[in-house]
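# Examination of the molecular architecture
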Amino acid sequence: MSMFRSKKMDIGSFLNIHVIRDHTKRKVYAQFEPERQALRHIIRNTTLPARTRAEAQLQLTQMHCYTRPTQIRGRCLMGGKGRGIFRDFKLSRYNFRMQALEGNLPGVRKASW
Amino acid sequence: MAVPRARLLSLMKAQCEIFSTTYNPDGIRMGNKILRQRLRGPSLAKYYPPKGPSLNELLKDFKHLELEGVNEEFEDWQEHIAGFVSTRATMGF
Amino acid sequence: MATTISRSSILQPLRQTLTRPVARQPRSAFIASASRSKASIAKPNQTTPASVPSDEALTVPFPMRHEVHPEEPAIRLPRSVQSLYLQPLRREANYGVPTCDLQLRSYSVPNLEFFCDFALRAAYYLNLPAFGPVPLPKIKERWTVPKSHFIFKKSQENFERITRRRLIQIRDGHAESVQIWLAFLQKHAYYGIGMKANVWEYSKLGVGKEMEGQGQAMQEVIEDKMKLLGRDKTEGTVQKVQELLESERFRIQG
């Protein structure tokens, strides 16, 4: 959502609307994480009155979808792809292969065994 | 030899006091595991690398050290505009 | 070092100044001393004493010298230079209480071996009994990638990354000198090598009281450091819980 988006672009990797969106979601999640965790705690705490817990449930569901961690997805730093990303390198499988063959990834070499 | 439950509980209580954990012998769900979780936000938000300085900013920063350079892209753009303006002037707009 | 440049001409004027009797001995003596190996740590009899090794043990490994100028008495290099040609020296541990485990990791073996050697020498000069380097199991990570598009799944390519590890253990080290050693290694960190250290300290009874006394004074310093440490505090959550429970929306219900 554009209301969360930063006015000035603050990332230096490959740019693409999906990447910008994902970056925005990450920042929004980081901002609202304490609140989400607090609500989750209230919901799970059986010593609190049931009404309070129900209220917390309501509030949690009413939070914006950008504040959810499940919205975050790993994206390729070089091509912005959303699938087939290696977590270790934050690269998609194709970009990983290209970089590995060029020798840009320290220690990674062609294997045969 | 069986140890009485009360004794075990008192031991547990002392243990909780020493290590400052919650004494909860009945296993009531207090949601404390959520309070114990670390916040993942800061590390998640660092996924994409931050933007580096632009060439013009670098040139400006190094000017006081008398290091100078040329931003070719910027100069080309300026030239293009100058050319555009001059052609417009000759065409009489 | 001057190996081939006419050594006689360089050393001629110096010869008079050298009062020490110069060791001239067969090469076998050097070989015997050079064979002091890493395995020697296991056998306490073979370990070198904590003092600087004798003259004979540290002859320069230049077989050439005797061949080129057999009539010239050999002149030894400075001991610090000589010892570079030999296995690193080691201190003996009296009690064998481990105080520091240093793990070195790298993708390349030569760098790793070199830096292990460096660390062992540094430990010797800091009077720390060092053990190792013990090669730990390699960490092999493998990735298999389709070479081209989705439909050509049959042709794939394998990549791997092998992390090699070495463990150097310090026993009976004084906590402070261990810290100095680690700081020295960090200062002269070699490229492509990661270091990780576990440090154990032993102190007298009644540490708790001592620490409590120091606690308040240290509080500021600790807080500054804690900000930089990886563990993200959960206080945010706790504060938020209180805030929420006290908020209007929740209180009306309660």
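In this report, the structure presented in the accompanying data block is examined. In every chain, residue numbers begin from 1 and rise along the written sequence. Written order determines the labels here, with chains lettered from A and ligands numbered from 1. Given that this is a predicted model, residues contribute local features only at a pLDDT of at least 70 and side-chain atom pairs are listed and counted only at 80 or more, while totals for whole chains, interfaces and linings are drawn from all residues.

## Notes on the interface of chain A and chain B
Our working rule: Whether two residues are in contact depends on their C-beta atoms, placed from the backbone: they are in contact if these lie within 7 Å. For this classification, Asp, Glu, Lys and Arg are treated as charged, while Ala, Val, Leu, Ile, Met, Phe, Trp, Tyr, Cys and Pro are nonpolar and the rest, including Gly, are polar.
With 22 residues of chain A at the contact, the number on the chain B side is 18 residues. Looking at the side of chain A that touches chain B, its residues break down into seven nonpolar, eight polar and seven charged.

## Structural notes on the interface of chain C and chain A
Threshold: Secondary structure elements follow DSSP: runs of H or I of four or more residues count as helices, runs of E of two or more count as strands, with numbering from the N terminus. Note on pairing: two strands pair once DSSP finds at least 2 bridges between them.
In this assembly, 19 residues from chain C lie in contact with 23 residues from chain A. The set of elements that each furnish at least two residues to the side of chain C that touches chain A consists of strand E2 (130-146), strand E3 (156-171), helix H8 (235-246) and helix H9 (248-253) of chain C. When grouped by side-chain class, the residues that make up the side of chain C that touches chain A number eight nonpolar, five polar and six charged. In this structure, strand E3 (residues 108-110) of chain A lies alongside E3(C), joined through three bridges in antiparallel fashion. When the sheet's bridge partners are listed, Val108(A) is paired in E3(C) with Arg161(C).

## Here we look at the pairing of strand E1 (residues 98-106) of chain C
Summarising the sheet, E1(C) and E3(C) pair through eight bridges and their orientation is antiparallel. Residue Leu102(C) lies in a different strand from E3(C), and its bridge partner there is Ile168(C).

## Some details on unusual backbone geometry
The criterion, for reference: The burial criterion counts other C-beta atoms lying within 10 Å of a residue's C-beta, which is placed from the backbone; the residue is buried at 20 or more, exposed at 12 or fewer, and partly exposed between these limits.
The linkage connecting Gly132(C) with the following residue, Pro133(C), adopts the cis geometry, with an omega of 0°. Not every positive phi belongs to a glycine, and Ser20(B) is a case in point at roughly 45°. By the secondary structure assignment, Ser20(B) is in the loop between helix H1 (5-18) and helix H2 (32-36). Judged by the 6 C-beta atoms lying within 10 Å of it, Ser20(B) is exposed. Not every positive phi belongs to a glycine, and Asp172(C) is a case in point at roughly 60°.

Fair warning: the whole summary comes from geometry, so function is off the table for now.
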